Amino acid sequence: MQTRRSSLWRSTWAELRRRRVTRVGALYAVVAWLVLQIAEITFEPLGLPPWALTWTVLGAVLGLPVALVLAWFFDVSPGGLVRERRVGAAAGRLFAVFVVLLTVLGTGWWLSEVYRPDAGESDAAPSAASSGASARSALPSNAIAVLPFDDMSPQRDHRHLADGIAEELLDRLARLQGLRVAARTSSFALRDFSGTVQDIGQLLGVRWVLEGSVRRDAGRVRITAQLIDADSGYHAWSETYERASADLFALQDEVTAAIAQELERRITGVGGETLADTGTRDPEALELYLRGRQAWRQRSPATLTEAEALFTQAVERDPDYARAWSGLADAYLLQGDYGLRPVHEAVALAEPAAVRAVTLDPSLSEAWASIGLLRSSAGQPGPARRSLEEAIRLDPRNEMARMWLAGVLGDQGDVAEQRRVLEQAIELNPLEPVINVNLAALMTASGQPDAARSLLERVLAITPTDPQLLRALANIETQSGHLDRALELARRAHRSDPTAPSTVSTLVQALAALEAWDEAQALVDALPEDSPYRWALGQGLILQRGGDSLLPAVAQRVEVLREGGGALSAQDRELLVQAATVRLASSPDEAIDLLRRLVPEPAAMERNVSLLDAGSLLVTALERQGRTAEADAHRVVLAESARRFLDRPEETAQLAFSRALMAEFLGQRQQALQSLERAIELGFRQAWLLRYDPRLAALRRDPGYPALQQRLDAEVQAARERAGLSR
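Residues numbered from 1 in each chain as written. Predicted model: local features only at pLDDT ≥ 70, side-chain atom pairs only at ≥ 80, totals over all residues. Heavy atoms only, no water.

**Let's talk about the packing of aromatic side chains**
- Summed over the entire model, instances satisfying the criterion amount to four aromatic pairs.
- With a centroid separation of 5.9 Å and 45° between ring planes, the pair formed by Tyr289 and Phe311 is classed as tilted. You can see Tyr289 sitting in helix H11 (residues 283-298) and its partner Phe311 sitting in helix H12 (residues 301-317), a full 22 residues away along the chain.
- A relative accessible area of 2% means that Tyr289 is categorised as buried.
- Look at Phe311 and you get buried, because its relative accessible area is 0%. (Phe/Tyr/Trp six-rings, centres within 6.5 Å; stacked < 30°, edge-to-face > 60°. Helix = DSSP H or I, 4+ residues; strand = E, 2+ residues; numbered from the N terminus. Buried < 20%, exposed > 50% of the residue type's maximum accessible area, 1.4 Å probe, protein only.)

Laid out in structure tokens, this is it:
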């Protein structure tokens, strides 16, 4: 029996070779592969719909058994194509026919599994045969990510429109009940991601991925959308839609309805209305708004200026466009926050825009978030908190409202709630750089620098040149005492975004920590003369080198701040503290007046814990002037407010330094020295504070103090050598 079976296999193989079936199969595979490679490269640039490639693949696969069957029955002779009539072994011929038929049936079964409508659902079942398949099947079946659409316009000059359409589809799909939609920033961060669709599913925690392209040409817009199963990696649905540019809203409605219908068919429990009011029926106003939000999210001086201009044009075209008014308010406020204009000016410009937005549409979450940010910038934490909570109530997916709320909570000293809200924002938008930066800063301040690094490096792996992430990592390394590593990261951030004041500030501070004064000063001198960053950084370098003079621009600005009222920017607050530090030696009364602008009464430190630094300097100034009762009143509130931070179990270099200051204020000299020693052990490297901080003036007379200063100076010198800096 075994001999007969072996003979049957040999005769079958011989029959296949004699009839050239194997040669035809190999030749067909090579040609089909070449055709598919050419199709994959050329179909999309030619504007062909995605189903064209799908049917090409299908034709190539189905053509294989046809070619094999033809090779079996026909042969090529000098006279042309002739029917094969030579007779081989009967068993061999019968088995060869069986092999060909088996190929046809197997191919048909495979195609039915791939293209049947419920293929995606069956794939979701856990498979005991493969742990990798089981891991992929853990993806939630009711979660989807909308990737940025490709701009396939002839000049590739409509990326903003492609992004805007994808974002609008995302927003509308999020209205479906039972469907979870990954946040816009997290999805769009994967624009240039080189991994597979399965990798995207794992990163974002989604089962479905929507991608596509937009082509605008000759007054028409074509949208191609493709729904992909991130579990199997196969396309589940694809379609192309085209209309005149003026019908953009109807086109979006059509695409969204089709995608929603497909998802409702595939996912149990998903349904609802996807048609949404965009806030305007003017296509140009919508396009201006989308471009404005795209620029606003980049948060650089140039893009924030561009965002302001685009939002202004949008509201000029449609004065009742609430979302555009909200965007305009946000642009002004971020300009103030990033030092591009005085905060009081930003607040004055933003207020009518934010009020107009919430008046036009009281149910718009974005509008209430703008009101909250406005009130926060104006120094009104209570009203800001209420407005931001209303924004979250109206749209629980508004992660920016949560991030801004976390900032308000931090100023109020509610660190636990601040962290909880930030973690909620991260859950909504795991790859948004600015939210990760804020959470990492809080983790570092809480004694978790390693966890903070891991958090940022996870996002940096996807967007390796993002300046916000690089700046934040540099700050973590500075606070951890790794000054050479901090300088390396600060230089990378500066190469990525050399014009942003915050990037320049990070590099200047990294250089100053290493006492590379000349390079730091050159960077400051290159900033615009009217930049608050230039004033604050320049004055900071003077103080860090032991100087006691005020820059003329700083003196002029401080005089304006002392006389005026209203909100203060971070740079303005820093200028007041710097000026008070300079005046403390020669004119303590003037220093007190400047600090009163920040801390008008002791209770101000209870309402805003970010004022504790200014409050401690005010206590020192009052004591020098013999105003003991006032100093004691401020000291009591200062100690009580600071205790919420200083009594925490975690240890960081900054906490240890703050504990040293508080111990000195309370007359606990030995405890102050021990806390300073602990700060240096934990990575405190701000040597200039030990040399010149007026709050430590009395402690410097202690016999144990010089040894601490020498130890810190040695640490800084070692870091300079590692960084390749010379004296």
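Let's pick the thread back up.
**A closer look at the packing of helix H31 (residues 628-646) against helix H32 (residues 653-665)**
- Closest axis-to-axis distance for the H31/H32 pair is 11 Å, and the angle between their directions is 150°. On the basis of the axis angle, H31 is roughly antiparallel to H32. Helix-helix and strand crossings are classified by hand; for H31 and H32 the assignment is left-handed. Counting all contacts with H31, which are made through Arg635, Leu638, Ala639, Ala642, Phe645 and Leu646, the residues of H32 involved are Leu655, Ser658, Arg659, Met662 and Phe665.
- A class-by-class count of the residues in the contact of H31 with H32 yields eight nonpolar, one polar and two charged. (Axes fitted to C-alpha atoms, helices over the stretch in contact; angles between N-to-C directions. Parallel < 35°, antiparallel > 145°, perpendicular 65-115°, else oblique. Left-handed = near helix turned anticlockwise from the far one by under 90°. Contact = heavy atoms within 4.5 Å. Nonpolar A, V, L, I, M, F, W, Y, C, P; charged D, E, K, R; others polar.)

**Topic: the pattern of salt bridges**
- Tallied over the entire structure, the rule returns 46 salt bridges.
- Note that Asp589 is salt-bridged to Arg627, the shortest N-O span being 3.7 Å. Of this pair, Asp589 sits in helix H28 (residues 588-598) while Arg627 is found in the loop between helix H30 (612-624) and H31, placing the two residues 38 residues apart along the sequence.
- Among the residues examined, Asp589 registers a relative accessible area of 40% and is labelled partly exposed. (Salt bridge = Lys/Arg side-chain N within 4 Å of Asp/Glu carboxyl O.)

**A look at the pairing of strand E8 (residues 235-244)**
- Summarising the sheet, strand E7 (residues 220-229) and E8 pair through nine bridges and their orientation is antiparallel. Across the sheet, Leu227 pairs through a bridge with Trp237, a residue of E8. (Pairing = 2+ DSSP bridges.)

**Quick word on unusual backbone geometry**
- At Arg299, a position not held by glycine, the phi torsion is positive, near 55°.
- Structurally, the position occupied by Arg299 is in the loop between H11 and H12.
- You will see that Glu515, though not glycine, has its phi angle at about 60°, which is positive.
- Relative to the helices and strands, Glu515 is located in the loop between helix H23 (501-513) and helix H24 (517-525).

**Remarks on the pairing of strand E3 (residues 143-146)**
- Side chains Ala143 and Ala145 project from E3 onto one buried face, and the interleaved Ile144 and Val146 project onto a second face that is buried too.
- Pairing of E3 with strand E5 (residues 180-181) involves two bridges; the strand directions are parallel. Residue pairing for E5: Ile144 is matched across the bridge by Val181.
- Here E3 runs beside strand E6 (residues 208-217); their pairing, made up of three bridges, is parallel. Bridging from a neighbouring strand, Val146 pairs with Leu210 of E6.

**Topic: the packing of H11 against H12**
- Relative to each other, H11 and H12 sit at 160°, their axes nearing to 8 Å. For the element pair H11 / H12, the angle class is roughly antiparallel. Crossing handedness for the pair H11 and H12: left-handed. Along the contact surface, H11 presents Glu284, Ala285, Leu288, Tyr289, Arg291, Gly292, Arg293, Ala295, Trp296 and Gln298, while H12 presents Thr303, Leu304, Glu306, Ala307, Leu310, Phe311, Gln313, Ala314 and Arg317.

**Some points on the nonpolar core**
- Counting residues in hydrophobic clusters, the biggest one holds 209 residues, and the most contacted among them are Ile144, Phe149, Leu173, Leu179, Leu263, Trp296 and Phe657.
- Excluding anything up to four places from it in sequence, Leu173 contacts Ile144, Val146, Leu179, Val181, Leu210, Thr256, Ile259, Ala260 and Leu263. (Core = buried A, V, L, I, M, F, W, Y, C linked by side-chain atoms within 4.5 Å.)

**Some remarks on helix H26 (residues 552-563)**
- End to end, H26 covers 17 Å across twelve residues, agreeing with the expected 16 Å (1.5 Å per residue, within 8%).
- Turning to H26, its buried residues number three or more, namely Val554, Arg557, Val558 and Leu561. Down the axis of H26, the smallest arc covering the buried residues is 105°, so these residues share one side. Facing away from the buried side of H26, by more than 90 degrees, are the exposed residues Pro552, Gln556 and Glu563. (Expected span 1.5 Å × (residues − 1). Arc of directions from axis to C-beta.)

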